[in-house]
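Summary of structural features
Residues per chain, in single letters:
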Amino acid sequence: MKLFRIIYDLVILIIFILGIIKLFKADYFLAFIWIILVPLLMLLPRNLYKLNYIKQNYNYSLVNFFEILFFILLLTGISLTLFLKYINLDIDSFFHFINLSIYTIIFGVIYYIISSYNYKKVNKNNIIIFSLIFSLIFGVILWEKYQSYGDKIFNTQMYYDFFQDIKLDNFLDQIFGTLGVLTGIFILYNKLEDWIRKWKK
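Residues numbered from 1 in each chain as written. Predicted model: local features only at pLDDT ≥ 70, side-chain atom pairs only at ≥ 80, totals over all residues. Heavy atoms only, no water.

At Ala-26, a position not held by glycine, the phi torsion is positive, near 65°. Within the secondary structure, Ala-26 is located in the loop between helix H1 (2-24) and helix H2 (28-48). Relative accessible area serves as the criterion here: at 43%, Ala-26 is assigned to the partly exposed category. (Helix = DSSP H or I, 4+ residues; strand = E, 2+ residues; numbered from the N terminus. Buried < 20%, exposed > 50% of the residue type's maximum accessible area, 1.4 Å probe, protein only.)

On to the confidence of the model for the chain, then. The predicted model of the chain averages 86 in pLDDT, with 86% of residues at 70 or higher. Across the chain, element-level confidence peaks in helix H3 (residues 52-57) with a mean pLDDT of 93 and bottoms out in helix H6 (residues 124-154) with 84. (pLDDT = per-residue confidence, 0-100.)

Another point: the pattern of salt bridges. All chains considered together, the criterion is met by six salt bridges. Lys-124 serves as the salt-bridge partner of Glu-193, at 3.7 Å between the closest nitrogen and oxygen. In this pair, Glu-193 sits in helix H7 (residues 166-199) while Lys-124 sits in helix H6, placing the two residues 69 residues apart along the sequence. For Glu-193, a relative accessible area of 43% translates into the label partly exposed. Notably, a salt bridge pairs Lys-191 with Asp-194, separated by 4.0 Å at the nearest N-O pair. Of this pair, Lys-191 and Asp-194 both sit in helix H7, three residues apart, which is roughly one turn of that helix. Each of Arg-5, Asp-9, Arg-46 and Glu-67 takes part in salt bridges that share partners, so that together they form one network. (Salt bridge = Lys/Arg side-chain N within 4 Å of Asp/Glu carboxyl O.)

Here Trp-195 shows up in helix H7. Residue contacts for Trp-195: discarding those within four places in its chain leaves Phe-65, Ile-105, Ile-187 and Leu-188. (Contact = heavy atoms within 4.5 Å.)

Below, the structure written as structure tokens:
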């Protein structure tokens, strides 16, 4: 994991530099995301691990787990923003599938950690239901709305496809996003308990 950590930190630095470049180009929306939001989120797992409750109950493999998932999310987002959206290939729908699978897993694990603070035994069905509903609402239903309004407010091109009708693009994104949520739920249901045993001290 040492090599991964070096790559992880290096990518954060590169994203920060790209954000500075966007700032000089007056692309303030991407500048804010790449200079402030992305580094904060990428460094969040290791900073949250400093909390007494988490550090006393979980080993550092929990941090590694989150950072691997965050790294994949970053790669999909950055690659699509920088160049993949200009290629006549519907990679966006595939990324919706991958990202929603990951987000669903992240939501489920976070729900477990928060719930286990108050309860010794957390009902797995509650985790599954929460992750399913939360991911469908915010990752599938509201995400396209966010992109649409974001384009109008920040003059971006999130709710846009260079090569296919936007209604078709929206439909495919929601279909693949929903499939991603269901895949994440399947993984959570079958792997969460194994992960917890690995993370627990």
